[in-house]
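# Geometric and topological summary
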Amino acid sequence: MPSTLKNKVIIVTGAASGIGRSAALRLASHGAHIVLADVDEAQGHRVCADIQQAGGSAIFVAVNVAQEENVRDMVRMTIDRFGRLDGAFNNAGIEQSNIPLHEIDTGHWHRLIGINLTGVFLCMKYQIPAMLAGGGGSIVNTASSLGQVAIPGSAEYIAAKHGVIGLTRAAAVDYARMNIRVNALLPGVTQTPMLDRGPVSLEAVEMVEHVKAAIPMGRVGSADEVAQGAVWLLSDASSYVTGSLLPVDGGYLTV
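Residues numbered from 1 in each chain as written. Predicted model: local features only at pLDDT ≥ 70, side-chain atom pairs only at ≥ 80, totals over all residues. Heavy atoms only, no water.

- Going by what an unreviewed UniProt entry lists, the chain is known as SDR family oxidoreductase and is assigned to Rhizorhabdus wittichii.
- Database annotation for the chain, UniProt heading Sequence similarities (unreviewed entry): "Belongs to the short-chain dehydrogenases/reductases (SDR) family." (UniProt positions renumbered as here; feature names shortened; annotations may be inferred.)

## Some points on the pairing of strand β2 (residues 33-38)
- Of all six residues in β2, six are buried; the element is thus mostly enclosed.
- Here strand β1 (residues 9-13) runs beside β2; their pairing, made up of five bridges, is parallel. Bridge assignment links V9 to a residue of β2, and that residue is H33.
- Tracing the backbone out of β1, into helix α2 (residues 18-29) and back to the parallel element β2 gives a crossover that is right-handed.
- In the sheet, β2 pairs with strand β3 (residues 57-62) via six bridges, with the strands oriented parallel. Following the sheet pairing, I34 is matched in β3 by A58. (Buried < 20%, exposed > 50% of the residue type's maximum accessible area, 1.4 Å probe, protein only. Helix = DSSP H or I, 4+ residues; strand = E, 2+ residues; numbered from the N terminus. Pairing = 2+ DSSP bridges. Right-handed = clockwise from strand over helix to strand, strands pointing away.)

## Thoughts on the side chain of N183
- Structurally, the position occupied by N183 is in strand β6 (residues 180-187).
- Judged by relative accessible area, N183 falls into the buried class, the value being 0%.
- There is a polar contact of 3.2 Å between the side chain of N183 and the backbone nitrogen of G243.
- Within the structure, N183 has its side chain in polar contact with the side chain of S244 (distance 2.7 Å).
- Not counting chain neighbours up to four residues away, the residues in contact with N183 comprise I139, V140, N141, T168, L233, V241, T242, G243 and S244. (Polar contact = N/O pair within 3.5 Å; in protein donor to acceptor, adjacent residues only side chain to side chain. Contact = heavy atoms within 4.5 Å.)

Here is the structure:
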């Protein structure tokens with residue numbers, strides 16, 4: 001796999017922590033040039049420094065993926081710095097509120113949909129023309145196991161992640177003959193800062209424990225384990241894979 005990623009230019013959103021950070025570090029270790037994008041500037045710069053100190057190539061760009069001008073500028077800066085775009089891991093997202101649908105604040109609904117769903121659309125909207133200009137590329141969008149099933153207290157998150165799967169499939173069909181592959185990564189419960197922040201109500205805590213107990217492998221995944229799925233989909237090792245959904249969930253979706 002390393003040779004298929006060497007010198008590729010890849011954008012990673014949500015790169016400051018969790019799955020995005022792990023993916024960025026792995027991609028850089030295989031010789032890719034990484035554009036780290038996140039709203040967390042301090043941590044984003046730390047990840048950038050970690051890559052550079054290890055001998056890798058990376059830049060950091062402060063980006064709110066829900067803001068179209070931010071996304072447009074991110075892609076423009078990528079082209080200005082590296083001359084092309086070969087891949088993108090559209091991974092930025094926020095967690096659900098862990099309350100029933102009728103209690104969800106409308107402002108939170110719009111914020112989550114803006115980041116978790118519209119953000120993926122905006123990223124692809126600007127990434128795809130750049131990839132077309134360079135002859136093709138690979139896009140991986142972070143959905144979730146909750147893009148296929150539902151649990152209580154997660155209506156806004158579930159709606160967004162189902163939408164990401166739909167966007168992924170639509171884009172895969174649109175660009176399959178233009179040498180752009182588009183796939184979705186479906187993480188299960190993963191040990192990340194998002195999980196560490198955790199639910200606040202007793203009901204939500206019980207639901208998380210119920211989901212964990214339903215994982216056939218009997219444990220939570222690590223961010224690095226999930227990130228390796230994205231790395232494979234971004235590499236030429238997956239050259240005949242598009243429109244696919246890759247669960248990395250310890251078997252959760254099989255039960």
